[in-house]
Amino acid sequence: MASIFLTVSLLFPLFFSPLVHSQNPIDSCWRTNPDWESNRRALAVCAVGFGKYAAGGKDGSIYVVTSSKDDPENPIPGTLRHAVIQSEPLWITFSRDMSIVLKNELIMNSNKTIDGRGAKVEIANGPCITIQHVSHVIIHGISIHHCKPGKAGMVRSSPDHIGRRRGSDGDAISVFNSSNVWIDHCFFSRSEDGLVDVVHGSTAVTISNNYFTQHDKVMLLGHNDNSVVDENMKVTIAFNYFGSGLIERIPRVRRGYAHVANNRYDKWEMYAIGGSADPTIFSEGNYFVAPDDPSKKQVTKRLESGSYRKSWKWTSSKDVLLNGAYFEPSSNGTVTSLYAREEEFSVYDGSLVPNLTSSAGPLSCDSSRIC
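Note that the coordinates shown come from a computational prediction; the quantities given were computed from them, not determined experimentally. (Residues numbered from 1 in each chain as written. Predicted model: local features only at pLDDT ≥ 70, side-chain atom pairs only at ≥ 80, totals over all residues. Heavy atoms only, no water.)

Undergrad: For this particular structure, what's the right way to read the overall build of the protein chain?
TA: Of regular secondary structure, the protein chain possesses four helices and 31 strands. Computed over C-alpha atoms, the radius of gyration of the protein chain comes to 21 Å, within 12% of the 21 Å expected from 2.2 N^0.38 for 371 residues, which places it in the range of a compact globule. Overall, the C-alpha framework of the protein chain stretches about 70 × 55 × 40 Å when taken along its three principal axes. Here the protein chain holds 371 residues, and the buried ones make up 56% of them. Pairs at least 24 residues apart make up 65% of the contacts formed inside the protein chain by residues separated by at least 6 positions. (Helix = DSSP H or I, 4+ residues; strand = E, 2+ residues; numbered from the N terminus. Rg over C-alpha atoms; globule rule 2.2 N^0.38 Å. Buried < 20%, exposed > 50% of the residue type's maximum accessible area, 1.4 Å probe, protein only. Contact = heavy atoms within 4.5 Å.)

Undergrad: Got a minute to help me understand the pairing of strand β13 (residues 179–184) in this structure?
TA: As a general feature of sheets, a regular strand has side chains that alternate between the two faces. Among the six residues that make up β13, five are buried, leaving the element largely enclosed by the rest of the structure. The pairing of strand β8 (residues 135–140) with β13 spans five bridges and is parallel. Paired with isoleucine 138 across the bridge in β13 is tryptophan 182. Pairing geometry for β13 and strand β16 (residues 203–208), over five bridges, is parallel. What sits directly across from valine 181, in β16, is valine 205. (Pairing = 2+ DSSP bridges.)

Undergrad: Would you take a moment to explain the sheet that holds β8 for this structure?
TA: Strand order in the open sheet formed by ten strands is β1-β2-β5-β8-β13-β16-β20-β24-β27-β30, with parallel pairing between adjacent strands. Looking along the sheet, the strands with just one partner apiece sit at the ends: β1 (61–65) and β30 (313–317). For this sheet the average axis-to-axis angle between neighbouring strands, irrespective of direction, equals 10 degrees. Bridging between strand β5 (residues 112–115) and β8 involves four bridges; their strand directions are parallel. Residue pairing in the sheet places lysine 112 in a bridge with valine 137 of β8. (Axes fitted to C-alpha atoms, helices over the stretch in contact; angles between N-to-C directions.)

Undergrad: Explanation requested: the layout of surface pockets in the structure shown.
TA: Empty pockets left among the atoms are what a rolling probe the size of a water molecule brings to light. By volume, the largest pocket amounts to about 570 Å³. Around the largest pocket sit 26 residues that line it, and Gly167, Ser168, Asp169, Ser174 and Phe176 are the ones nearest its centre. Looking at the lining of the largest pocket, the elements with two or more residues in it are β7 (129–132), β11 (161–165), β12 (173–176), β15 (196–199) and β19 (219–221). A total of three residues in the lining of the largest pocket trace back to one element, the largest contributor, which is β7. Taken together, the residues of the lining of the largest pocket break down into seven nonpolar, nine polar and ten charged. Counted as a void, the second largest pocket has a volume near 170 Å³. Looking at the second largest pocket, it is lined by 14 residues, and the ones nearest its centre are Ala119, Lys120, Leu363, Ser364 and Cys365. Classifying every residue of the lining of the second largest pocket gives six nonpolar, five polar and three charged. (1 Å grid on protein atoms, 1.4 Å probe; cavity = no way out; pocket = protein on both sides within 12 Å on 5 of 7 lines; lining within 4 Å. Points joined across faces, edges and corners; volume = space filled by probe spheres on them. Nonpolar A, V, L, I, M, F, W, Y, C, P; charged D, E, K, R; others polar.)

Undergrad: Explain the packing of aromatic side chains to me, please; I cannot follow it from the model alone.
TA: For any pair of aromatic rings, geometry is given as the distance between the ring centres together with the angle between the planes. Enumeration over the complete set of coordinates arrives at twelve aromatic pairs. Residues phenylalanine 242 and tyrosine 265 carry aromatic rings whose centres are separated by 4.8 Å and whose planes lie at 35 degrees to one another, so their mutual orientation is tilted. With a gap of 23 residues between them, phenylalanine 242 in strand β21 (residues 241–242) and tyrosine 265 in strand β25 (residues 264–266) connect regions that are remote in the sequence. According to the relative accessible area criterion, phenylalanine 242 is buried, its value standing at 1%. Residue placement shows arginine 117 over the ring face of tryptophan 30; its charged tip is 4.7 Å from the ring centre. (Phe/Tyr/Trp six-rings, centres within 6.5 Å; stacked < 30°, edge-to-face > 60°. Lys NZ or Arg CZ within 6 Å of the ring centre and 35° of its normal.)

Undergrad: Explanation requested: the environment of histidine 133 in the structure shown.
TA: Within the secondary structure layout, histidine 133 lies in the loop between β7 and β8. For the pair histidine 133 and asparagine 177, spaced 44 residues apart in the sequence, the C-alpha separation amounts to 5.1 Å.

Undergrad: Got a minute to help me understand the side chain of arginine 252 in this structure?
TA: With respect to the secondary-structure elements, arginine 252 resides in strand β23 (residues 252–254). One buried charged residue, arginine 252, remains without a salt bridge, the closest side chain of opposite sign being aspartate 225 at 4.0 Å. Within the structure, arginine 252 has its side chain in polar contact with the side chain of serine 276 (distance 2.9 Å). Beyond its immediate sequence surroundings of up to four residues, arginine 252 is in contact with Met219, Leu220, Leu221, Asp225, Tyr271, Gly274, Gly275, Ser276 and Leu303. (Lys, Arg positive; Asp, Glu negative; His and termini not counted. Salt bridge = Lys/Arg side-chain N within 4 Å of Asp/Glu carboxyl O. Polar contact = N/O pair within 3.5 Å; in protein donor to acceptor, adjacent residues only side chain to side chain.)

Undergrad: Would you mind showing me how to read the sheet that holds strand β28 (residues 287–289) here?
TA: Hydrogen bonds between backbone groups are what pair the strands of a sheet, and the pairing can be parallel or antiparallel. As summarised here, the arrangement of the nine strands in space is β3-β6-β9-β14-β17-β21-β25-β28-β31, forming an open sheet in which the pairing is parallel. Each edge of the sheet is formed by a strand with only one pairing partner; in this case those strands are β3 (98–100) and β31 (320–322). Two strands pair when backbone bridges link them, and strand β9 (residues 143–145) and strand β14 (residues 187–189) are joined in this way by three bridges, in the parallel orientation. Each residue of the ladder has a partner; that of isoleucine 144, found in β14, is phenylalanine 188.

What follows is the structure, encoded as structure tokens:
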């Protein structure tokens, strides 16, 4: 009898933990597998929303980064830059904890996954990541912070192409004219421009399970009000924790379509969700805690004058609004879902968001244990 009791006691945390019964569909897809390390590529089928089909390096070899060094013009084998510029699909991992200071922006090639699981990996104190004119990129489980503008100079973007860059803006991640991109379980903070920008015709993007803190202009979707190419932009923002010290653009949307679902917002300092140039914004099942300042309670901000802005499609459903928070919807009816059937996912009532976002940011993953 004692042995049976011991067995049940040991199995109870595994089968009845909040993780195993998590309602976050991304984490439920892979985190309960203790053999995640030998099945890393299984992560690629777990995205939801518009970035569902981001394959990353699923069909390629494992590339292990062994050095934190960086050479923008002639990358050394074993470095992150050497991995991300290769022409073939690659699933990129890290041999150990690593702090990488890039000497210029890191320009990614198509069909790449940066997978930080099993190590503490940070890109900081230099230029950061550029995803430009490519497709099928996954970035998972790393910290990106204190990003600085890149300088003008030569930067290699593939084994057979090196070009002169004018200098990057200081974004943590810039997604420029790219598609099928998934950014998951990362940490973002304190960069000189945006944390995540999706611009210039980019689409099919999911931004999920990330932790954002201590930053002004957090996330820009759409380059500017005149950028007609961004009318086709579709972005899913789900299960993120927008923590303390964030001021605005969480996100700011121009022209395109944004589904903002099951995210936690803790006391923005100016506004949470903003937009201009007739964007469509569907806020669903979010958890909004307004700042204490009585003049900053409104979740939304329409960053354009004129009465026609009230015809924009901004809708709130199942959101929880606390500490006086309020969402000002548009007056022209509901927002139509643009998801294909395979991209759809369950969105829960905002009251469940503290649990759904409790593991936002990079995870502590040990070999042969659930992550």
